[in-house]
Protein chains: 2
Amino acid sequence: MLLRALWMSLDPYMRGRMSDAKSYADPVPVGGVMTCASVCRVQESNLDGYAKGDLVMSFTAGWQDYSVSDGAMVFKLDPNMQNPSQALGVLGMPGFTGYMGLMDIGRPKKGETVVVAAATGPVGTVVGQVAKLQGCRVVGIAGGAEKCAYAVDELGFDACLDHKQNNLNDELAKACPDGIDVYFENVGGKVFDAVMPLLNAHARVPVCGLIAQYNATEAPSGPDRMPQLMRLLLSQRIRMQGFIIFDNYGPHFPEFLRVMTPWVAEGKVRVREDQVEGLENAPQAFMGLLEGKNFGKLVVKIADK
Amino acid sequence: MLLRALWMSLDPYMRGRMSDAKSYADPVPVGGVMTCASVCRVQESNLDGYAKGDLVMSFTAGWQDYSVSDGAMVFKLDPNMQNPSQALGVLGMPGFTGYMGLMDIGRPKKGETVVVAAATGPVGTVVGQVAKLQGCRVVGIAGGAEKCAYAVDELGFDACLDHKQNNLNDELAKACPDGIDVYFENVGGKVFDAVMPLLNAHARVPVCGLIAQYNATEAPSGPDRMPQLMRLLLSQRIRMQGFIIFDNYGPHFPEFLRVMTPWVAEGKVRVREDQVEGLENAPQAFMGLLEGKNFGKLVVKIADK
């Protein structure tokens, strides 16, 4: 079948596909088509089960206007879905990442303190709002006053700190008077530095992304803090666990949609999109994503229908 | 009651009690009595439930010949126990540490590869032999040819490497042709460096001790490998978790004894003790422990009965 891309998703993991460093997935070869998740409309179909006009999610369409698919890695979407681009965000991979990482590894308990960085991004918004629904104190970290105000005023976080401030360590300690029980790691770098001394005994640290270090070309200078991190894990009895959402939790996706879809419909989980127009603007938008220039889930609108 | 110490245990955790660095337990104050676990004989008793001649385990007797106890942190031992000092090793804290960390965090599956350092120490021997009982390939790391031969010939490990060799990285890769699924971390330092590149997807790393770095007075020089470790946890989807045995698993102790006691009696789990005579030799023996000079569980014999 021939697919017409309507929306494509831009996500930090793509940076790893542009590097040949050992990772969980092969890099995109030089000259290859860059990978992404897309919401597409079926234009023509010789495939059983798919007809012209169907709305689908494809993981193989790539950064392209059109693609030919044999049905592999393609999933039908509800044709009446009000905001199909949400299949790339809160109801897709990023939302699933935030939900499962928080619930299965983070295991938040009522009254605990949950900290999440990139608080207004598609993972962070889900982590924070779901943690609020579990009765936790939620402290976000984001870049800039506008994002922080949004996290508190619109998403209901208890506090949100601007990592562009110089006093992040002190501010985070003040915002977490009872320490940190769950730190959802999706950025790495200096946010984690501020989090480390505040981690409580038996804290949980799901690790789903390290965007702050994806562009690094060499290890930062010393001292070597790896032994310090291991000592912290030991003395505070911390569980730190990396996960790749579909690899770890693929079979849980339908269960996730059953929980999250009504939450989104009822406004219990609110979402914000940063929409860029035109495939030709995807590279610039992606570079901005790695610098935190987006505000909300970054999607590229490629065609109307 | 008045307790006469018969055996005292020397364990790496004691190094932490001699430092005021933030840890899970308070340090022993300067001039205080150094803490330890001891097997003691009741000499005189005004306490209900304890009579002269009883054999007990005490966590408060400290590095002393005699101590007075109000019964807190004291547990009765089977008066007919053949080797009471085993209550300090395979049937005590170290054995419990190896068993629970392996089974609950490591979760070894048949056919997987389990690596453990300090392979002939009281934790490592239990980790390795229990992993063999689960059907795993077990590779130990120990200091010196004699210890390595013992791990393979007496304990049944599939291989054991001498960390005093310069080619540990290469040797470990050869000994683990299918990578490493569980690394039981009880030493830290260069063994972990050799382990890192071999960790398989979804590997588990219980962390119970970091003896190699306990005497460090400053962080090692750079580069800073903390980001590299976090990236490894993410890309390989690794679970790394610190634990302090009685804090995490205290209520499981009776269950552990029910499993381990017959294994020891039947020879399925073999043990080796390194016995030092005389309380006055405890400090030197403890310094040797931190350098790996002991061969087997290090205990100090203080009195015969």
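The structure presented is a predicted model; accordingly, all values stated were derived computationally and were not measured.

Moving on, we get to the domain arrangement of chain A. Residues and elements named next belong to chain A. Partitioning chain A into structural domains gives domain 1 (2-89 + 271-301) and domain 2 (93-246). In this structure, domain 1 and domain 2 have C-alpha centres spaced 27 Å apart. At the interface, 18 residues of domain 1 touch 13 residues of domain 2. Roughly 1,400 Å² is buried in total at the junction of domain 1 and domain 2, and carbon and sulfur atoms are behind 64% of that figure. Of all residues in domain 1, R15, L290 and F295 bury the most surface against domain 2, accounting for 34% of the area lost on that side. The tally of links from domain 1 across to domain 2 stands at zero salt bridges. At the surface where domain 1 touches domain 2, the tally comes to three residue pairs in polar contact (both at pLDDT 80 or more).

All names here are of chain B. Within strand β7 (residues 137-142), five of the six residues are buried, leaving the element largely enclosed by the surrounding structure. Here four bridges tie strand β6 (residues 113-116) to β7, and the two strands are oriented parallel to one another. Note on β7: the bridge partner recorded for V114 is V138. What joins β6 to β7 is helix α3 (residues 122-133), and the crossover it makes is right-handed.

Attention shifts here to helix α2 (residues 93-106) of chain A. Across the 14 residues that make up α2(A), a large majority, 11, are buried. Taken from the residues just after α2(A), A:R107 is the one with a positive phi, measuring 45 degrees.

A word on the relation of the copies chain B and chain A. In screw terms, the move from chain B to chain A is a rotation of 180 degrees and a rise of 0.0 Å along the axis, fitting with an RMSD of 0.1 Å. What the superposition gives is, in effect, a two-fold axis relating one chain to the other. Across chain B, the rotation axis passes nearest the C-alpha of B:G222, at a separation of 1.6 Å. Both copies present the same face, since 100% of the interface residues in chain B are matched by interface residues at the equivalent positions in chain A.

As a further point, take the nonpolar core. In terms of nonpolar packing, the biggest core is built from 120 residues, with A:L172, A:Y183, B:L172 and B:Y183 touching the most fellow members. The contact partners of B:Y183, leaving out residues within four places of it in the chain, are B:V115, B:A117, B:V191, B:F192, B:V195, B:L199, B:R204, B:V205 and B:P206.

With respect to the helices and strands, B:Q134 occurs in the loop between α3 and β7. Once residues lying within four places of it in the same chain are set aside, the contact partners of B:Q134 are B:M103, B:P108, B:K109, B:K110 and B:W263.

On to the environment of B:D193, then. Among the structural elements, B:D193 can be located in helix α6 (residues 190-195). Residue B:D193 is classed as partly exposed on the basis of its relative accessible area of 29%. Considered as a pair, B:D193 and B:I211 are 18 residues apart in the sequence and their alpha carbons are 15 Å apart. Once you skip the residues sitting within four places of it in the chain, B:D193 turns out to touch A:M226 and B:R225. In this structure the side chain of B:D193 is engaged in a polar contact, spanning 3.2 Å, whose partner is the side chain of B:R225.

Analysis parameters
Residues numbered from 1 in each chain as written. Chains lettered and ligands numbered in written order. Predicted model: local features only at pLDDT ≥ 70, side-chain atom pairs only at ≥ 80, totals over all residues. Heavy atoms only, no water. Domains from an automatic or database assignment. Contact = heavy atoms within 4.5 Å. Buried area = accessible area lost by both parts, 1.4 Å probe. Salt bridge = Lys/Arg side-chain N within 4 Å of Asp/Glu carboxyl O. Polar contact = N/O pair within 3.5 Å; in protein donor to acceptor, adjacent residues only side chain to side chain. Buried < 20%, exposed > 50% of the residue type's maximum accessible area, 1.4 Å probe, protein only. Helix = DSSP H or I, 4+ residues; strand = E, 2+ residues; numbered from the N terminus. Pairing = 2+ DSSP bridges. Right-handed = clockwise from strand over helix to strand, strands pointing away. Least-squares fit on C-alpha atoms with pLDDT ≥ 70 in both. Core = buried A, V, L, I, M, F, W, Y, C linked by side-chain atoms within 4.5 Å.

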